[in-house]
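Understanding the architecture of this molecule
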Amino acid sequence: MTRTFRTFSLVAAFFCLPVHVAYAADEHVTVAGKPAVRVATYKDVAHLYERFEKFPAAAREGLSLHFTGELLPDHELPSKARLVIHSKQGDIPLFFGTDREMHFPRTAQLVAENPPILQTESMGHNVRTELSLRVEVPQGDRFTGVQARHWLAQINACIRDLTGVILSWLMPDAHRLKVDLAPGARFEAVTGSHVTLLASNAGKEPMTVLLRPQDYSEGTIFRSTKPFAQVRVRIPGDAYLTFTPER
């Protein structure tokens, strides 16, 4: 049996990851009386954070790496799979309740131990996580066209650092932001005295809006009636990392 830890498209190049990490032995682990399968090791995931931190400081200033998960094929909450770091000190869950963000602890002790990551529930389903780079929005509820272009330029600088100037010409540039609106918020673009409604979130959960800043002037102010839940740079290509137990 081979268990596979996959990355796709630009991610493999962006973070210099191996596309597959295979484990030789057929292994089933019993955790608290339940069957479990290994889907990765601690270092497999830690390597992503380490690679990001090797980009030039100026290119990643104000950016942080995050993973948002879902349980496939029905796009359910990733916590249903109960992915855990099976350390000597006890199991450490990666997802909690209705929170789709992965919470990955980074310690020297875990690096040295390199424990397996196990899936203990929802066997036959895969947890897929989307990589995103979250930006700091100083004012919380607004940013300018100049700021948005700067965030996009930072990602392109990271790509050039990784691939070199010549090869980076063949890589797609970052063009879009993912803006998560709070429930009840209105999202507007203000250029001079002209106001354009971009989106309105009438739901009870944050809503994601794709924004291409280049479609607006540098002097445009993008504002929300409530603080943004988060603003992320959309990494070009399919930026996914999937935990896949195979039996």
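This section reports on the structure supplied with the text. (Residues numbered from 1 in each chain as written. Predicted model: local features only at pLDDT ≥ 70, side-chain atom pairs only at ≥ 80, totals over all residues. Heavy atoms only, no water.)

A two-sided burial pattern is seen for strand β15 (residues 230-233), the buried positions comprising Gln230 and Arg232 on one face and Val231 and Val233 on the other. With two bridges connecting them, strand β8 (residues 126-135) and β15 associate as antiparallel partners. Within the sheet, the bridge partner assigned to Leu133 lies in β15 and is Val233. Relative to β15, strand β10 (residues 177-181) is paired through four bridges, and the arrangement is antiparallel. Bridged to Lys178 within β15 is Arg232. (Buried < 20%, exposed > 50% of the residue type's maximum accessible area, 1.4 Å probe, protein only. Helix = DSSP H or I, 4+ residues; strand = E, 2+ residues; numbered from the N terminus. Pairing = 2+ DSSP bridges.)

As a further point, take unusual backbone geometry. With omega at 15°, the peptide bond leading from Leu72 into Pro73 counts as cis. Here the phi dihedral of Asn114 falls at roughly 50°; this positive angle occurs in a residue that is not glycine. With respect to the element layout, Asn114 can be found in the loop between α4 (108-113) and β7 (116-119). Exposure remark for Asn114: the relative accessible area of 26% places this residue in the partly exposed category. For Ser122, which is not glycine, the phi dihedral falls at a positive 50°. Residue Ser122 is classed as partly exposed on the basis of its relative accessible area of 25%.

Roughly 560 Å³ of volume is contained in the largest pocket. Lining the largest pocket are 20 residues, and of these Thr68, Arg100, Glu101, Asp180 and Gln230 sit closest to its centre. Of the residues that constitute the lining of the largest pocket, the class distribution is four nonpolar, five polar and 11 charged. (1 Å grid on protein atoms, 1.4 Å probe; cavity = no way out; pocket = protein on both sides within 12 Å on 5 of 7 lines; lining within 4 Å. Points joined across faces, edges and corners; volume = space filled by probe spheres on them. Nonpolar A, V, L, I, M, F, W, Y, C, P; charged D, E, K, R; others polar.)

This paragraph deals with the sheet that holds strand β11 (residues 186-191). Reading across the sheet, the four strands line up as β9-β14-β11-β12 and stay open at both edges, with antiparallel pairing between neighbours. Both outer strands of the open sheet, β9 (142-144) and β12 (194-200), are each paired with one neighbouring strand and no more. Put simply, the sheet's adjacent strands are angled 20° from each other on average, direction ignored. (Axes fitted to C-alpha atoms, helices over the stretch in contact; angles between N-to-C directions.)

Moving on, we get to the environment of Gln119. Mapped onto the elements of the fold, Gln119 is located in strand β7. Residue class for Gln119 comes out buried when judged on its relative accessible area of 0%. Considered as a pair, Gln119 and Thr244 are 125 residues apart in the sequence and their alpha carbons are 9.0 Å apart. Leaving out residues up to four positions away in the same chain, Gln119 has contacts with Pro35, Ala36, Val37, Val39, Ala81, Arg82, Leu83, His125 and Pro245. Side-chain polar atoms of Gln119 contact the backbone oxygen of Glu121, separated by 3.1 Å. (Contact = heavy atoms within 4.5 Å. Polar contact = N/O pair within 3.5 Å; in protein donor to acceptor, adjacent residues only side chain to side chain.)

As a working rule, side chains carrying opposite charge can pair if their charged atoms are close by. In the structure shown here, the tally under the stated rule is 10 salt bridges. A salt bridge links Asp141 to Arg142, with the shortest nitrogen-to-oxygen separation between them at 3.3 Å. Judged by its relative accessible area of 28%, Arg142 falls in the partly exposed class. A network of salt bridges, in which partner residues are shared, links Arg186, Glu188 and Arg223. (Salt bridge = Lys/Arg side-chain N within 4 Å of Asp/Glu carboxyl O.)

Glancing now at the environment of Arg223. Residue position: Arg223 is located in strand β14 (residues 221-224). Spatially, the C-alpha atom of Arg223 lies 8.5 Å from that of Thr144, the residues being 79 residues apart in sequence. A polar atom in the side chain of Arg223 sits 2.8 Å from the side chain of Glu188.

Another point: the nonpolar core. Ranked by size, the top nonpolar core spans 51 residues in total, and within it Phe104, Phe143, Leu177, Phe187 and Phe243 carry the most contacts. Considering every element that reaches this core, the biggest residue donor is helix α2 (residues 42-53), with six residues. (Core = buried A, V, L, I, M, F, W, Y, C linked by side-chain atoms within 4.5 Å.)

A regular strand carries its side chains on alternate faces of the sheet. With burial as the criterion, only one face of β14 is covered, namely that bearing Phe222 and Ser224; the residues Ile221 and Arg223 on the opposite face remain uncovered. In terms of strand pairing, β9 meets β14 through three bridges, oriented antiparallel. Bridge pairing links Arg142 to Arg223 in β14. With four bridges connecting them, β11 and β14 associate as antiparallel partners. Bridging from a neighbouring strand, Glu188 pairs with Arg223 of β14.

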